[in-house]
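# Coordinates in review
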Amino acid sequence: MTRSQGLVIAIDGTAGTGKSTVGRAAAEHLGYGFLSTGGLYRALAYKVFATKVDPSDAQAVLHTAKNMQFRFERQPDATLKMFVDGEYLGSKLHLDEVAQTASKVSTNAAARAVLTEKMRELGRDGGIIMEGRDIGTVVFPDAEVKIYLDASAEERANRRVKQLVAKGNQADYEQILASIKERDLRDSTRAASPLKPAEDAIKIDTSALTLPQVIEAVLKEINKYAS
Ligand code: DC
């Protein structure tokens, strides 16, 4: 497929595999835009949380999703900064309650269809790397390059602990590991678009790799397609 702005590159995988860092760096290298699609699910979760909607009330969650107005602004570092109803939600999206609610609302198939449509609109012309769980399987099954990143839950918990400690926060390894396992289980066993690699995805286990090594491996795969 030829798209006017370049390729669509899908990076999927579990939380904490470095998808965002790797995707952003690769997009910057290519002069592409970069979207972390979990942000849309987190924004839905935030709205659900803020308006006291029950995350298991399918109709109310769908209604919330349909009423959200998204706008994206490309930043110099390749990221597509997201505004929801005119507001940049920033760090509010990274609260643990919001992450857990995001995992719950993302089991809602009808709400997923609404957000999937937004992602398709944004990526239709290509020139974009999208990171998520179902980009290569559902959002863009016709993506030119599909990467699936994985790492053990223990290694991902270690990475999260390091990140939190580096920011001067407290971190409880066992609690973080349990939270990662809980989300993994919910994300991979849900009926609607469960997390799984696309058949034609290139799988990379990042457990023993540094971020620069993962970025290099991903760029190598993209270059294979381009050449
Ligand atoms: O990648 P993240 O942690 O920001 O994602 C937040 C939640 O959204 C996570 O529980 C999985 C879900 N998600 C999804 O179901 N499909 C996507 N394409 C992206 C995220």
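See above for the structure.
Residues numbered from 1 in each chain as written. Predicted model: local features only at pLDDT ≥ 70, side-chain atom pairs only at ≥ 80, totals over all residues. Heavy atoms only, no water.

### What to know about the overall build of the chain
A count of helical and extended segments in the chain gives 9 helices and 8 strands. The C-alpha radius of gyration of the chain comes to 17 Å, within 12% of the 17 Å expected for a compact globule of 227 residues. In terms of overall dimensions, the chain has C-alpha extents of about 50 × 40 × 35 Å along its principal axes. Among the 227 residues that make up the chain, the fraction classed as buried is 49%. The long-range fraction of contacts in the chain, counting pairs at least 24 apart against all pairs at least 6 apart in sequence, stands at 74%. (Helix = DSSP H or I, 4+ residues; strand = E, 2+ residues; numbered from the N terminus. Rg over C-alpha atoms; globule rule 2.2 N^0.38 Å. Buried < 20%, exposed > 50% of the residue type's maximum accessible area, 1.4 Å probe, protein only. Contact = heavy atoms within 4.5 Å.)

### Points about helix 3 (residues 58-66)
Val 61, Leu 62, Thr 64 and Ala 65 are the residues of helix 3 that are buried. Each buried residue of helix 3 lies within a common arc of 160° when the element is viewed along its axis, so the set occupies one face. Away from its buried face by more than 90 degrees, helix 3 exposes Gln 59, His 63 and Lys 66. Where helix 3 is buried, its residues meet helix 2 (38-50), helix 4 (96-105) and helix 5 (109-123). (Arc of directions from axis to C-beta.)

### Brief notes about the sheet that holds strand 7 (residues 145-150)
One open sheet holds the 5 strands; their spatial order is 2-6-1-7-8, and the pairing between them is parallel. Where the open sheet ends on each side, the last strands, each with one partner, are strand 2 (33-36) and strand 8 (202-205). Across the sheet, the axes of successive neighbouring strands diverge by a mean angle of 20°, strand direction being ignored. Relative to strand 6 (residues 128-132), strand 1 (residues 8-13) runs parallel, the two sharing 5 bridges. (Pairing = 2+ DSSP bridges. Axes fitted to C-alpha atoms, helices over the stretch in contact; angles between N-to-C directions.)

### Notes on the pattern of salt bridges
What the rule picks out here adds up to 18 salt bridges. Notably, a salt bridge pairs Glu 87 with Lys 92, separated by 2.9 Å at the nearest N-O pair. The class for Glu 87 is partly exposed, based on a relative accessible area of 32%. (Salt bridge = Lys/Arg side-chain N within 4 Å of Asp/Glu carboxyl O.)

### Focus on the packing of aromatic side chains
For the structure shown, the criterion picks out 2 aromatic pairs. Summarising the aromatic geometry, the rings of Phe 70 and Phe 72 are spaced 6.1 Å apart at their centres and angled 5° between planes, so their arrangement reads as stacked. Measuring from ring centre to ring centre gives 6.1 Å for Phe 83 and Tyr 88, while their planes differ by 55°; the resulting arrangement is tilted. Across from the ring centre of Phe 83, 4.3 Å away, lies the NZ or CZ of Arg 71, which sits over that ring. The ring of Tyr 88 carries the charged tip of Lys 81 above its face, separated from the ring centre by 4.4 Å. (Phe/Tyr/Trp six-rings, centres within 6.5 Å; stacked < 30°, edge-to-face > 60°. Lys NZ or Arg CZ within 6 Å of the ring centre and 35° of its normal.)

### Some remarks on unusual backbone geometry
A positive phi is found at Lys 52, a non-glycine position, where the angle reads about 60°. Within the secondary structure, Lys 52 is located in the loop between helix 2 and helix 3. Overall, the relative accessible area of 75% leaves Lys 52 in the exposed class. A positive phi is found at Asp 85, a non-glycine position, where the angle reads about 50°. We classify Asp 85 as partly exposed; its relative accessible area is 38%.

### Remarks on the site of the ligand
With respect to spatial proximity, 15 residues lie near the ligand, and among them Arg 42, Arg 112, Arg 133, Asp 134 and Arg 183 are the closest. Within the side chain of Thr 37, an N or O atom sits 3.1 Å from a nitrogen atom of the ligand. When the ligand sits alone it has 450 Å² of accessible area, and the protein chains cover 95% of it. Elements supplying a minimum of two residues to the shell around the ligand: helix 2, helix 4, strand 6 and helix 8 (173-189). (Near = heavy atom within 4 Å. Polar contact = N/O pair within 3.5 Å; in protein donor to acceptor, adjacent residues only side chain to side chain. Areas by Shrake-Rupley, 256 points an atom, 1.4 Å probe, with all protein chains shown as cover.)

### Section: the nonpolar core
Taken as a class, soluble globular proteins show a tendency for nonpolar side chains to be buried jointly. Formed by 35 residues in total, the largest nonpolar core has its most connected members in Leu 40, Ala 43, Leu 44, Phe 70, Met 82 and Met 119. Among the elements that take part in this core, helix 2 stands out by supplying 7 residues, more than any other. The residues contacting Leu 40, other than those within four sequence positions of it, are Leu 35, Phe 70, Phe 72, Met 82, Leu 115, Lys 118 and Met 119. Among the nonpolar cores identified, the runner-up in size contains 20 residues, and Ala 78, Val 145, Ile 215 and Val 218 belong to it. (Core = buried A, V, L, I, M, F, W, Y, C linked by side-chain atoms within 4.5 Å.)

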